[in-house]
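Inside the fold
Given next are the chains, with one letter for each unit.
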Amino acid sequence: MAKVVLEKVNKIYDGKVHVVIDNDLIINDKEFMVLVGPSGCGKSTTLRMIAGLEEITSGKIYIGDQVVNDVPPKDRGIAMVFQNYALYPHMTVFNNMAYGLKLRKFPKADIKKMVQNAAEILGLEDLLERKPKALSGGQRQRVALGRAIVRHPTVFLFDEPLSNLDAKLRVQMRAEISKLHKRLNTTIIYVTHDQVEAMTMGDRIAVLHKGIIQQVDTPLNLYDHPQNMFVAGFIGSPSMNFIKGKLEKKDGIIFTAPGISQTVPKQFYKKLANHIDKEVMMGIRPENIKIEKTGKMKALVEVVEPMGNEIIFYCAIGDNKFLLRIEERILTKPGETVPISFAMEYAHFFDLETEKSINYALN
(Lines give C-alpha, C1' and ligand atoms only; values in the text may rest on other atoms or scores of the structure.)
Protein backbone atom coordinates (compact mmCIF):
# COMPACT_ATOMS: atom_id res chain seq x y z
CA MET A 1 0.00 0.00 0.00
CA ALA A 2 1.10 3.62 -0.25
CA LYS A 3 1.21 7.04 1.29
CA VAL A 4 0.36 9.90 -1.11
CA VAL A 5 1.95 13.33 -0.64
CA LEU A 6 1.29 16.60 -2.46
CA GLU A 7 3.94 19.32 -2.16
CA LYS A 8 3.08 22.85 -3.36
CA VAL A 9 0.98 21.45 -6.21
CA ASN A 10 -0.37 23.96 -8.72
CA LYS A 11 -2.48 23.65 -11.85
CA ILE A 12 -2.81 26.58 -14.25
CA TYR A 13 -4.75 26.33 -17.52
CA ASP A 14 -3.77 28.47 -20.50
CA GLY A 15 -1.23 30.30 -18.38
CA LYS A 16 -3.90 32.28 -16.51
CA VAL A 17 -6.67 30.12 -14.97
CA HIS A 18 -5.26 29.01 -11.59
CA VAL A 19 -7.49 26.10 -10.47
CA VAL A 20 -5.22 24.44 -7.86
CA ILE A 21 -3.10 26.79 -5.76
CA ASP A 22 0.00 25.74 -3.78
CA ASN A 23 -1.67 22.77 -2.12
CA ASP A 24 0.11 20.59 0.42
CA LEU A 25 -1.55 17.36 1.55
CA ILE A 26 -0.42 14.14 3.21
CA ILE A 27 -2.66 11.07 2.73
CA ASN A 28 -1.47 8.31 5.01
CA ASP A 29 -1.11 4.66 4.05
CA LYS A 30 -4.51 2.88 4.29
CA GLU A 31 -6.32 6.16 5.01
CA PHE A 32 -9.72 7.07 3.55
CA MET A 33 -9.22 10.71 2.53
CA VAL A 34 -12.11 12.72 1.11
CA LEU A 35 -11.62 15.84 -1.01
CA VAL A 36 -14.78 17.92 -0.71
CA GLY A 37 -15.91 21.31 -1.93
CA PRO A 38 -18.30 23.06 -4.30
CA SER A 39 -18.16 22.69 -8.08
CA GLY A 40 -15.06 24.30 -9.56
CA CYS A 41 -12.99 24.20 -6.36
CA GLY A 42 -10.22 22.05 -7.89
CA LYS A 43 -10.93 18.72 -6.18
CA SER A 44 -11.39 16.62 -9.35
CA THR A 45 -8.40 18.32 -10.99
CA THR A 46 -6.31 17.39 -7.94
CA LEU A 47 -7.47 13.77 -8.20
CA ARG A 48 -6.69 13.67 -11.92
CA MET A 49 -3.19 15.01 -11.26
CA ILE A 50 -2.63 12.22 -8.71
CA ALA A 51 -3.85 9.74 -11.34
CA GLY A 52 -1.61 11.21 -14.03
CA LEU A 53 -4.56 12.23 -16.24
CA GLU A 54 -3.65 15.92 -15.81
CA GLU A 55 -0.15 17.39 -15.95
CA ILE A 56 1.07 19.31 -12.90
CA THR A 57 2.03 22.93 -13.56
CA SER A 58 4.37 22.94 -10.56
CA GLY A 59 5.01 21.04 -7.36
CA LYS A 60 5.52 17.35 -6.63
CA ILE A 61 3.29 14.34 -6.10
CA TYR A 62 4.63 11.27 -4.30
CA ILE A 63 3.04 7.82 -4.29
CA GLY A 64 5.00 5.83 -1.76
CA ASP A 65 8.57 7.13 -1.94
CA GLN A 66 8.44 7.87 -5.67
CA VAL A 67 7.87 11.25 -7.30
CA VAL A 68 5.31 10.41 -9.98
CA ASN A 69 5.10 13.74 -11.86
CA ASP A 70 6.43 12.12 -15.03
CA VAL A 71 5.25 8.55 -14.43
CA PRO A 72 2.50 7.35 -16.83
CA PRO A 73 -0.90 6.57 -15.21
CA LYS A 74 -0.57 2.83 -15.87
CA ASP A 75 2.67 2.68 -13.88
CA ARG A 76 1.48 4.61 -10.79
CA GLY A 77 -0.16 1.66 -9.03
CA ILE A 78 -3.53 3.40 -8.93
CA ALA A 79 -7.06 2.45 -10.00
CA MET A 80 -9.75 5.04 -10.67
CA VAL A 81 -13.52 4.79 -10.41
CA PHE A 82 -15.35 7.43 -12.44
CA GLN A 83 -18.69 9.20 -12.02
CA ASN A 84 -20.09 7.71 -15.25
CA TYR A 85 -18.82 4.15 -14.55
CA ALA A 86 -16.99 4.06 -17.97
CA LEU A 87 -18.08 0.49 -18.72
CA TYR A 88 -17.78 -1.05 -22.19
CA PRO A 89 -21.40 -1.56 -23.32
CA HIS A 90 -20.64 -4.48 -25.66
CA MET A 91 -18.79 -6.50 -22.99
CA THR A 92 -20.20 -8.68 -20.23
CA VAL A 93 -19.61 -7.84 -16.59
CA PHE A 94 -16.87 -10.49 -16.50
CA ASN A 95 -15.05 -9.03 -19.49
CA ASN A 96 -15.40 -5.47 -18.22
CA MET A 97 -13.74 -6.50 -14.98
CA ALA A 98 -11.13 -8.64 -16.74
CA TYR A 99 -10.23 -6.19 -19.51
CA GLY A 100 -7.33 -4.47 -17.72
CA LEU A 101 -5.86 -7.82 -16.68
CA LYS A 102 -6.04 -9.11 -20.26
CA LEU A 103 -4.17 -6.04 -21.49
CA ARG A 104 -1.46 -6.79 -18.94
CA LYS A 105 -1.36 -10.38 -20.26
CA PHE A 106 -2.28 -12.20 -17.05
CA PRO A 107 -2.87 -15.95 -17.50
CA LYS A 108 -6.54 -16.84 -18.12
CA ALA A 109 -6.78 -18.95 -14.97
CA ASP A 110 -5.48 -16.06 -12.85
CA ILE A 111 -7.88 -13.62 -14.50
CA LYS A 112 -10.85 -15.90 -13.81
CA LYS A 113 -9.86 -16.32 -10.17
CA MET A 114 -9.27 -12.58 -9.62
CA VAL A 115 -12.56 -11.58 -11.24
CA GLN A 116 -14.51 -14.19 -9.29
CA ASN A 117 -12.93 -13.05 -6.02
CA ALA A 118 -13.86 -9.44 -6.73
CA ALA A 119 -17.37 -10.47 -7.81
CA GLU A 120 -17.83 -12.34 -4.53
CA ILE A 121 -16.74 -9.31 -2.51
CA LEU A 122 -19.24 -7.09 -4.37
CA GLY A 123 -22.14 -9.53 -4.72
CA LEU A 124 -21.83 -9.74 -8.51
CA GLU A 125 -21.47 -13.53 -8.90
CA ASP A 126 -24.87 -13.92 -10.61
CA LEU A 127 -24.33 -10.98 -12.97
CA LEU A 128 -21.05 -11.88 -14.65
CA GLU A 129 -22.68 -12.78 -17.99
CA ARG A 130 -24.87 -9.70 -18.20
CA LYS A 131 -24.05 -6.59 -20.20
CA PRO A 132 -24.17 -3.11 -18.63
CA LYS A 133 -27.53 -2.20 -20.19
CA ALA A 134 -29.13 -5.03 -18.17
CA LEU A 135 -27.82 -3.66 -14.86
CA SER A 136 -29.17 -1.08 -12.43
CA GLY A 137 -27.14 2.03 -11.58
CA GLY A 138 -25.96 0.50 -8.34
CA GLN A 139 -24.91 -2.72 -10.07
CA ARG A 140 -22.97 -0.77 -12.70
CA GLN A 141 -21.19 1.10 -9.97
CA ARG A 142 -20.21 -2.19 -8.31
CA VAL A 143 -18.85 -3.44 -11.65
CA ALA A 144 -16.73 -0.29 -11.89
CA LEU A 145 -15.50 -0.99 -8.34
CA GLY A 146 -14.76 -4.60 -9.30
CA ARG A 147 -12.70 -3.52 -12.29
CA ALA A 148 -10.60 -1.42 -9.90
CA ILE A 149 -10.30 -4.15 -7.23
CA VAL A 150 -8.94 -6.84 -9.59
CA ARG A 151 -5.92 -4.67 -10.34
CA HIS A 152 -4.82 -4.75 -6.66
CA PRO A 153 -3.73 -1.10 -6.77
CA THR A 154 -1.81 0.64 -4.01
CA VAL A 155 -4.24 3.59 -4.18
CA PHE A 156 -7.93 3.76 -5.14
CA LEU A 157 -9.18 7.04 -6.62
CA PHE A 158 -12.92 7.80 -6.67
CA ASP A 159 -14.26 10.76 -8.67
CA GLU A 160 -17.84 11.51 -7.47
CA PRO A 161 -18.82 7.86 -7.96
CA LEU A 162 -22.30 8.12 -6.43
CA SER A 163 -23.62 11.32 -8.00
CA ASN A 164 -25.61 9.46 -10.68
CA LEU A 165 -27.48 7.30 -8.16
CA ASP A 166 -30.78 8.02 -6.44
CA ALA A 167 -30.78 9.08 -2.77
CA LYS A 168 -31.54 5.64 -1.30
CA LEU A 169 -28.91 3.91 -3.42
CA ARG A 170 -26.31 6.55 -2.52
CA VAL A 171 -26.79 5.70 1.15
CA GLN A 172 -26.36 1.98 0.42
CA MET A 173 -23.28 2.50 -1.74
CA ARG A 174 -21.69 4.77 0.88
CA ALA A 175 -21.86 1.85 3.29
CA GLU A 176 -20.59 -0.59 0.64
CA ILE A 177 -17.52 1.54 -0.15
CA SER A 178 -16.77 2.06 3.55
CA LYS A 179 -16.95 -1.71 4.15
CA LEU A 180 -14.79 -2.28 1.08
CA HIS A 181 -12.12 0.06 2.47
CA LYS A 182 -11.98 -1.92 5.72
CA ARG A 183 -11.89 -5.24 3.87
CA LEU A 184 -9.18 -4.25 1.37
CA ASN A 185 -7.22 -2.20 3.95
CA THR A 186 -5.96 0.15 1.25
CA THR A 187 -5.50 3.87 0.60
CA ILE A 188 -8.58 5.62 -0.83
CA ILE A 189 -8.83 9.19 -2.13
CA TYR A 190 -12.46 10.09 -2.70
CA VAL A 191 -13.79 13.25 -4.38
CA THR A 192 -17.32 14.52 -3.74
CA HIS A 193 -19.26 17.78 -3.57
CA ASP A 194 -21.65 16.18 -1.05
CA GLN A 195 -20.56 17.04 2.49
CA VAL A 196 -22.82 14.29 3.93
CA GLU A 197 -20.82 11.72 1.94
CA ALA A 198 -17.61 13.31 3.17
CA MET A 199 -18.69 13.31 6.83
CA THR A 200 -19.93 9.72 6.84
CA MET A 201 -17.09 8.09 4.88
CA GLY A 202 -13.79 9.86 5.44
CA ASP A 203 -11.15 9.15 8.08
CA ARG A 204 -10.12 12.72 7.31
CA ILE A 205 -11.50 15.36 4.99
CA ALA A 206 -9.74 18.05 2.97
CA VAL A 207 -12.09 20.98 2.31
CA LEU A 208 -11.26 22.94 -0.87
CA HIS A 209 -12.48 26.36 -1.98
CA LYS A 210 -11.32 28.30 -5.04
CA GLY A 211 -8.39 25.95 -5.56
CA ILE A 212 -7.05 26.19 -2.01
CA ILE A 213 -7.21 23.57 0.75
CA GLN A 214 -8.98 25.37 3.59
CA GLN A 215 -8.68 22.73 6.32
CA VAL A 216 -7.76 19.06 6.69
CA ASP A 217 -9.11 17.21 9.71
CA THR A 218 -11.39 14.48 11.00
CA PRO A 219 -15.13 14.90 10.29
CA LEU A 220 -15.98 15.79 13.89
CA ASN A 221 -13.14 18.31 14.20
CA LEU A 222 -14.25 20.02 11.00
CA TYR A 223 -17.77 20.23 12.38
CA ASP A 224 -16.82 21.36 15.89
CA HIS A 225 -13.70 23.41 15.12
CA PRO A 226 -13.92 25.00 11.65
CA GLN A 227 -10.95 27.28 11.01
CA ASN A 228 -12.87 29.77 8.88
CA MET A 229 -16.34 30.81 7.73
CA PHE A 230 -16.22 28.80 4.52
CA VAL A 231 -15.56 25.50 6.33
CA ALA A 232 -18.12 26.38 9.01
CA GLY A 233 -20.80 27.07 6.40
CA PHE A 234 -19.95 24.17 4.09
CA ILE A 235 -19.73 21.39 6.67
CA GLY A 236 -23.08 20.57 8.29
CA SER A 237 -26.60 20.08 6.97
CA PRO A 238 -28.49 22.36 7.36
CA SER A 239 -25.51 24.69 7.31
CA MET A 240 -24.39 27.00 10.10
CA ASN A 241 -26.31 30.26 10.60
CA PHE A 242 -24.32 33.49 10.39
CA ILE A 243 -25.36 36.71 12.15
CA LYS A 244 -23.36 39.93 11.90
CA GLY A 245 -23.14 41.88 15.15
CA LYS A 246 -20.90 43.54 17.72
CA LEU A 247 -19.11 42.42 20.86
CA GLU A 248 -19.65 44.84 23.76
CA LYS A 249 -18.33 44.82 27.33
CA LYS A 250 -21.25 45.13 29.81
CA ASP A 251 -20.93 43.03 32.96
CA GLY A 252 -19.05 40.55 30.80
CA ILE A 253 -19.13 40.32 27.01
CA ILE A 254 -22.40 40.68 25.11
CA PHE A 255 -23.01 39.90 21.44
CA THR A 256 -25.56 42.34 20.00
CA ALA A 257 -27.33 42.58 16.66
CA PRO A 258 -30.74 44.12 15.78
CA GLY A 259 -33.27 42.31 18.01
CA ILE A 260 -30.54 40.05 19.45
CA SER A 261 -28.57 40.34 22.70
CA GLN A 262 -26.73 37.31 24.04
CA THR A 263 -24.19 36.89 26.85
CA VAL A 264 -20.92 35.29 25.76
CA PRO A 265 -19.65 32.42 27.99
CA LYS A 266 -16.60 33.22 30.13
CA GLN A 267 -14.48 30.53 28.49
CA PHE A 268 -14.33 32.68 25.33
CA TYR A 269 -13.32 35.96 27.01
CA LYS A 270 -9.59 35.59 26.49
CA LYS A 271 -9.86 34.72 22.79
CA LEU A 272 -12.38 37.49 22.09
CA ALA A 273 -10.55 40.20 24.05
CA ASN A 274 -9.05 41.86 20.95
CA HIS A 275 -12.46 42.10 19.28
CA ILE A 276 -14.34 44.07 21.96
CA ASP A 277 -16.30 46.98 20.44
CA LYS A 278 -15.74 45.52 16.97
CA GLU A 279 -18.10 43.93 14.50
CA VAL A 280 -17.78 40.16 14.16
CA MET A 281 -19.71 37.35 12.51
CA MET A 282 -21.34 34.93 14.91
CA GLY A 283 -22.01 31.42 13.64
CA ILE A 284 -24.44 29.08 15.35
CA ARG A 285 -25.69 25.72 14.17
CA PRO A 286 -29.44 25.06 13.75
CA GLU A 287 -29.48 22.47 16.58
CA ASN A 288 -28.05 25.07 18.99
CA ILE A 289 -31.02 27.42 18.73
CA LYS A 290 -33.89 26.36 20.96
CA ILE A 291 -37.59 27.16 21.05
CA GLU A 292 -38.41 27.37 24.76
CA LYS A 293 -40.69 29.34 27.07
CA THR A 294 -37.73 30.96 28.85
CA GLY A 295 -36.28 32.27 25.60
CA LYS A 296 -35.82 36.05 25.78
CA MET A 297 -35.80 36.67 22.00
CA LYS A 298 -38.86 36.55 19.76
CA ALA A 299 -38.46 35.02 16.30
CA LEU A 300 -40.95 35.03 13.44
CA VAL A 301 -41.48 31.58 11.92
CA GLU A 302 -41.50 31.91 8.10
CA VAL A 303 -41.36 28.27 6.91
CA VAL A 304 -41.83 24.91 8.67
CA GLU A 305 -40.36 21.71 7.19
CA PRO A 306 -41.46 18.52 9.03
CA MET A 307 -38.83 15.82 8.38
CA GLY A 308 -40.33 13.04 10.50
CA ASN A 309 -37.56 12.68 13.06
CA GLU A 310 -37.02 16.45 13.26
CA ILE A 311 -38.52 19.78 12.19
CA ILE A 312 -36.64 22.54 10.39
CA PHE A 313 -37.88 26.07 11.13
CA TYR A 314 -36.91 29.03 8.95
CA CYS A 315 -37.05 32.02 11.29
CA ALA A 316 -36.28 35.72 11.34
CA ILE A 317 -35.53 38.43 13.88
CA GLY A 318 -35.67 41.63 11.87
CA ASP A 319 -33.35 41.24 8.87
CA ASN A 320 -31.51 38.30 10.44
CA LYS A 321 -32.61 34.98 8.94
CA PHE A 322 -31.68 31.63 10.46
CA LEU A 323 -32.68 27.97 10.69
CA LEU A 324 -33.55 25.91 13.75
CA ARG A 325 -33.51 22.12 13.91
CA ILE A 326 -35.84 20.77 16.59
CA GLU A 327 -36.44 17.12 17.45
CA GLU A 328 -39.58 17.77 19.54
CA ARG A 329 -42.86 17.93 17.61
CA ILE A 330 -43.68 21.54 18.28
CA LEU A 331 -46.95 22.53 16.64
CA THR A 332 -45.95 25.92 15.28
CA LYS A 333 -47.19 27.40 12.01
CA PRO A 334 -45.68 29.97 9.62
CA GLY A 335 -46.52 33.50 10.73
CA GLU A 336 -46.37 32.70 14.43
CA THR A 337 -43.81 34.19 16.83
CA VAL A 338 -41.84 31.90 19.14
CA PRO A 339 -39.51 32.53 22.10
CA ILE A 340 -35.99 31.32 21.35
CA SER A 341 -32.56 31.18 22.96
CA PHE A 342 -29.07 30.50 21.63
CA ALA A 343 -26.81 27.88 23.25
CA MET A 344 -23.94 30.37 23.32
CA GLU A 345 -21.38 27.82 24.53
CA TYR A 346 -21.54 26.48 20.96
CA ALA A 347 -21.41 29.89 19.25
CA HIS A 348 -18.55 30.48 16.81
CA PHE A 349 -17.11 33.95 16.26
CA PHE A 350 -15.28 34.94 13.08
CA ASP A 351 -13.15 37.94 12.19
CA LEU A 352 -15.03 39.93 9.53
CA GLU A 353 -11.88 40.82 7.61
CA THR A 354 -10.02 37.48 7.55
CA GLU A 355 -13.11 35.26 8.04
CA LYS A 356 -10.97 33.15 10.39
CA SER A 357 -12.35 31.59 13.56
CA ILE A 358 -11.63 33.58 16.71
CA ASN A 359 -12.77 31.22 19.45
CA TYR A 360 -13.16 27.64 18.13
CA ALA A 361 -10.18 26.92 15.86
CA LEU A 362 -7.88 24.19 17.19
CA ASN A 363 -4.71 26.13 16.36
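Before reading on, note that the structure itself is shown above.
Residues numbered from 1 in each chain as written. Predicted model: local features only at pLDDT ≥ 70, side-chain atom pairs only at ≥ 80, totals over all residues. Heavy atoms only, no water.

With respect to the layout of surface pockets
When its volume is computed, the largest pocket comes out at roughly 540 Å³. In terms of lining residues, the largest pocket is bounded by 21 residues, among which Met80, Phe82, Gly100, Arg147 and Arg151 are the most central. The leading source of residues in the lining of the largest pocket is helix α2 (residues 93-103), at five residues. Within the lining of the largest pocket, the residues separate by chemical class into 16 nonpolar, one polar and four charged. (1 Å grid on protein atoms, 1.4 Å probe; cavity = no way out; pocket = protein on both sides within 12 Å on 5 of 7 lines; lining within 4 Å. Points joined across faces, edges and corners; volume = space filled by probe spheres on them. Helix = DSSP H or I, 4+ residues; strand = E, 2+ residues; numbered from the N terminus. Nonpolar A, V, L, I, M, F, W, Y, C, P; charged D, E, K, R; others polar.)

Observations concerning the pattern of salt bridges
If you walk through the whole model with that rule in mind, you get eleven salt bridges. For Asp24, the salt bridge goes to Lys8, with nearest N and O atoms at 3.2 Å. Taken together, the residues span a long stretch of sequence, with Asp24 in strand β2 (residues 17-27) and Lys8 in strand β1 (residues 4-13) at a distance of 16 residues. Note on Asp24: relative accessible area 39%, which makes it partly exposed. Judged by its relative accessible area of 48%, Lys8 falls in the partly exposed class. In this structure, Arg325 engages Glu310 in a salt bridge whose closest nitrogen and oxygen atoms are separated by 3.8 Å. With a gap of 15 residues between them, Arg325 in strand β18 (residues 320-326) and Glu310 in the loop between β16 (297-306) and β17 (311-317) connect regions that are remote in the sequence. Each member of the pair, Arg325 together with Glu310, is buried. Taken together, the salt bridges that share partners define one network made up of Lys11, Arg48 and Glu54. (Salt bridge = Lys/Arg side-chain N within 4 Å of Asp/Glu carboxyl O. Buried < 20%, exposed > 50% of the residue type's maximum accessible area, 1.4 Å probe, protein only.)

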